[in-house]
Amino acid sequence: MVGVRVVVVLSISLLLVVGGDNLRQHLRLVIVVLVVACCYAVAVATHPRWELRGRRTAWLVTALDSTFALLAVALSGAASSPAVAILLLVVTAAAIRLPLRPTVLLAFTLGAAYLAIALFVDPGLTPPEERVRQGSWWAGYLVLTGVLGASLSRLVEREREASIAARVEAMAEHAAAEEERDLRRRLLESYQSQQDGLAVMLHEFRTPVASLRALSRGLADPESSITLADRAASTRLVAEHANHLSDMLDALADVAASRRPTFSTGRVRAVELRGLLLASADAAGLRPPRLRLLLDEQDQMVTADSQRLRRVLTNLLENAARHGEGHPVDVEARVVDEHLHVQVLDRGPGIEPENLEKLTGKYTATGSNRGTAGLGLWIVEQIVQALGGKLEFRQRPGGGLIARFEVPVG
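Residues numbered from 1 in each chain as written. Predicted model: local features only at pLDDT ≥ 70, side-chain atom pairs only at ≥ 80, totals over all residues. Heavy atoms only, no water.

Enquirer: Run through unusual backbone geometry, naming residues and quoting values.
Expert: Backbone phi values are negative for most residues with the exception of glycine, while trans is the configuration of most peptide bonds. A cis amide bond, omega 10°, links Pro-288 with the succeeding residue Pro-289. Assignment of secondary structure puts Pro-289 in the loop between helix 8 (273-283) and strand 2 (291-295). Positive phi, normally seen in glycine, also occurs at Asp-337, with a value near 50°. With respect to the helices, strands and loops of the structure, Asp-337 is situated in the loop between strand 4 (329-336) and strand 5 (339-345). In this structure Asp-337 comes out as exposed when scored by relative accessible area, which is 69%. (Helix = DSSP H or I, 4+ residues; strand = E, 2+ residues; numbered from the N terminus. Buried < 20%, exposed > 50% of the residue type's maximum accessible area, 1.4 Å probe, protein only.)

Enquirer: Can you break down the packing of helix 2 (residues 27-46) against helix 3 (residues 56-75) residue by residue, with the values?
Expert: Between helix 2 and helix 3, whose axes approach to 10 Å, the crossing angle comes to 155°. Between helix 2 and helix 3, the crossing angle belongs to the class labelled roughly antiparallel. Considering only the axes of helix 2 and helix 3, their crossing is left-handed. Contacts from Leu-29, Val-30, Val-33, Val-36, Ala-37 and Tyr-40 of helix 2 reach helix 3 at Val-61, Leu-64, Asp-65, Phe-68, Leu-71 and Leu-75. (Axes fitted to C-alpha atoms, helices over the stretch in contact; angles between N-to-C directions. Parallel < 35°, antiparallel > 145°, perpendicular 65-115°, else oblique. Left-handed = near helix turned anticlockwise from the far one by under 90°. Contact = heavy atoms within 4.5 Å.)

Enquirer: Explain the packing of helix 1 (residues 2-18) against helix 2 residue by residue, including any values.
Expert: Any two packed helices are characterised by the angle at which their axes cross and by the distance between the axes. One can describe the packing of helix 1 onto helix 2 by two numbers: an axis separation of 9 Å at closest approach and a directional angle of 160°. It follows that helix 1 is roughly antiparallel to helix 2 by the angle criterion. Here helix 1 runs over helix 2; the crossing is left-handed. From helix 1, Val-2, Arg-5, Val-6, Val-9, Ile-12, Ser-13 and Leu-16 reach across to helix 2, where they touch Leu-27, Val-30, Leu-34, Ala-37, Cys-38, Tyr-40, Ala-41, Val-44 and Ala-45. Across the contact of helix 1 with helix 2, the residue classes break down as 14 nonpolar, one polar and one charged. (Nonpolar A, V, L, I, M, F, W, Y, C, P; charged D, E, K, R; others polar.)

Enquirer: Residues and numbers for the packing of aromatic side chains, please.
Expert: By the definition in use, this model includes two aromatic pairs. An angle of 40° between the planes, with centres 4.9 Å apart, marks the rings of Trp-137 and Tyr-141 as tilted. In this pair, Trp-137 and Tyr-141 both sit in helix 6 (residues 128-220), four residues apart, roughly one turn of the helix. (Phe/Tyr/Trp six-rings, centres within 6.5 Å; stacked < 30°, edge-to-face > 60°.)

Enquirer: Give a description of helix 8 that names residues and reports values.
Expert: Three or more residues of helix 8 are buried, namely Leu-273, Leu-276, Leu-277, Ser-280 and Ala-281. Viewed end-on, helix 8 has its buried residues packed into an arc of 130°, placing them on one side of the element. Structurally, helix 8 contributes buried residues whose contacts are with strand 1 (268-272), strand 2, helix 9 (306-323), strand 4 and strand 5. Immediately beyond the C-terminal end of helix 8, within one or two residues, lies Gly-285, with a positive phi of roughly 80°. (Arc of directions from axis to C-beta.)

Enquirer: Could you give an account of the nonpolar core, with specific residues and numbers?
Expert: Residues Leu-316, Leu-317, Val-342, Val-344, Phe-393, Phe-405 and Val-407 are the most contacted members of the largest nonpolar core, which totals 41 residues. Ranked by residues supplied to this core, first place goes to helix 9 with seven residues. Within the second largest apolar cluster, 38 residues are counted, among which are Val-9, Ile-12, Ala-41 and Ile-117. (Core = buried A, V, L, I, M, F, W, Y, C linked by side-chain atoms within 4.5 Å.)

Enquirer: Explain a negative patch on the surface to me, using residue names and the numbers behind them.
Expert: Together, Glu-272, Asp-296, Glu-297 and Asp-299 line one region of the surface with negative charge. When you line up the elements, Glu-272 lands in strand 1. Residue classification places Glu-272 among the partly exposed positions, given a relative accessible area of 33%. (Patch = residues over 30% accessible without salt bridge, like charges linked within 9 Å, V, L, I, M, F, W, Y side chains within 5 Å. Areas by Shrake-Rupley, 256 points an atom, 1.4 Å probe, with all protein chains shown as cover. Salt bridge = Lys/Arg side-chain N within 4 Å of Asp/Glu carboxyl O. Lys, Arg positive; Asp, Glu negative; His and termini not counted. Charge placed at Lys NZ, Arg CZ, Asp CG, Glu CD.)

Enquirer: So what's going on with helix 1? Which residues, and what values?
Expert: Relative to the 24 Å expected for 17 residues at 1.5 Å per residue, helix 1 spans 25 Å between its end C-alpha atoms, a close match to the ideal helical length. Every buried residue belonging to helix 1 is among Val-2, Arg-5, Val-8, Val-9, Ile-12 and Leu-16, and all of these are buried. Relative to the axis of helix 1, the buried residues are bounded by an arc of 125° and lie together on one face. Of the exposed residues in helix 1, those oriented more than 90 degrees away from the buried face are Val-7, Leu-10, Leu-14, Val-17 and Val-18. (Expected span 1.5 Å × (residues − 1).)

Enquirer: Can you lay out the sheet that holds strand 4 for me, pointing to particular residues and giving the numbers?
Expert: The strands making up a sheet associate through backbone hydrogen bonding, with each pair oriented either parallel or antiparallel. The five strands are arranged 2-4-5-7-6 in an open sheet whose pairing can be described as mixed. Both outer strands of the open sheet, strand 2 and strand 6 (390-395), are each paired with one neighbouring strand and no more. Strand after strand, the sheet turns through a mean of 15° between neighbouring axes, direction not considered. Sheet analysis places strand 6 next to strand 7 (residues 401-408), joined by six bridges and oriented antiparallel. When the sheet's bridge partners are listed, Arg-394 is paired in strand 7 with Ile-402. Of the strands in this sheet, strand 2, strand 4 and strand 5 are in contact with helix 8, which crosses strand 2 at around 160°. Taken strand by strand, helix 9 contacts strand 4, strand 5, strand 6 and strand 7, and its axis lies near 175° from that of strand 7. (Pairing = 2+ DSSP bridges.)

Here it is, written out as structure tokens:
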């Protein structure tokens, strides 16, 4: 439409040059109108978005197009002006940028305006009956052009909307299919993981159970010739295997807990940080002087899910005590910007940097002192993430491992 408007202005200029005297009766006024129309055409050409449907500027552009077209007709012969064809272009352009009813109303208005120009402007140049015939003829075709153009524009718009709706529906169906495939894949992976985990746990339970059976058989045999020292050693082994089985049962309970909702009313409560650390260390078998606490405030209170937080601390302290080879375990805790930062530092054998990311893998066990079927650190990571925090491991300078986590607290 921008290009057509520029061509129309140039065509009127050419019409003045090659046309008859009746086209040049108001030459000066026509030149002024043409200059203003040229400036207007250039302005719209530099801002083509003014032509877009639904904008306020679309109504302004339509009004200016109609005004310049009627002036061109009135100043270039009125009823006999060849510029009347420009009105058809104005109605067609309006049908593209405006709704149906405003376009038809515009067509009626332009038809009536052209009929008035044909009847009352320059009446001496054209016979009265010719003015009536020309005015009525073009006025009727302007209305027909408006109805046809607006209907076709609306039809095209509906087809475009239907195409967009079909495309959106196809995209939604594709996304649903992708989601269904992803869900099926995750369900299969979960099922396979459960099968693998069950096999691992069966193996882990079978070893201490077989050992307990053998030890208990020997201890219960009245005719056995084992010494008191051997009996004491066997009793200690029975106790160690019992503790190992208890640890694995705790781990399975944590796996179940990690699948429950992250928070629930009644679990989040205020707790003394030092008391929570000491209780967690006691559950892990760590007590001063082997346990060394470093706190910014001795009576620091935090509001958190103490049950899950204690399980995280217990698991990390158990891991540090198990691998620490009797060395002290350092625990540093502080609250910064409503986040609890805790570091557990041991003097164990440590782990290679490339293996640090594997520590939290499910069913991953490292070192000679294996824990609860390789689930402990995986459980820690699951609970920390459920609490909205993050967990990381680093090598400790001088040997050992640093386990660090942070979680939001009140």
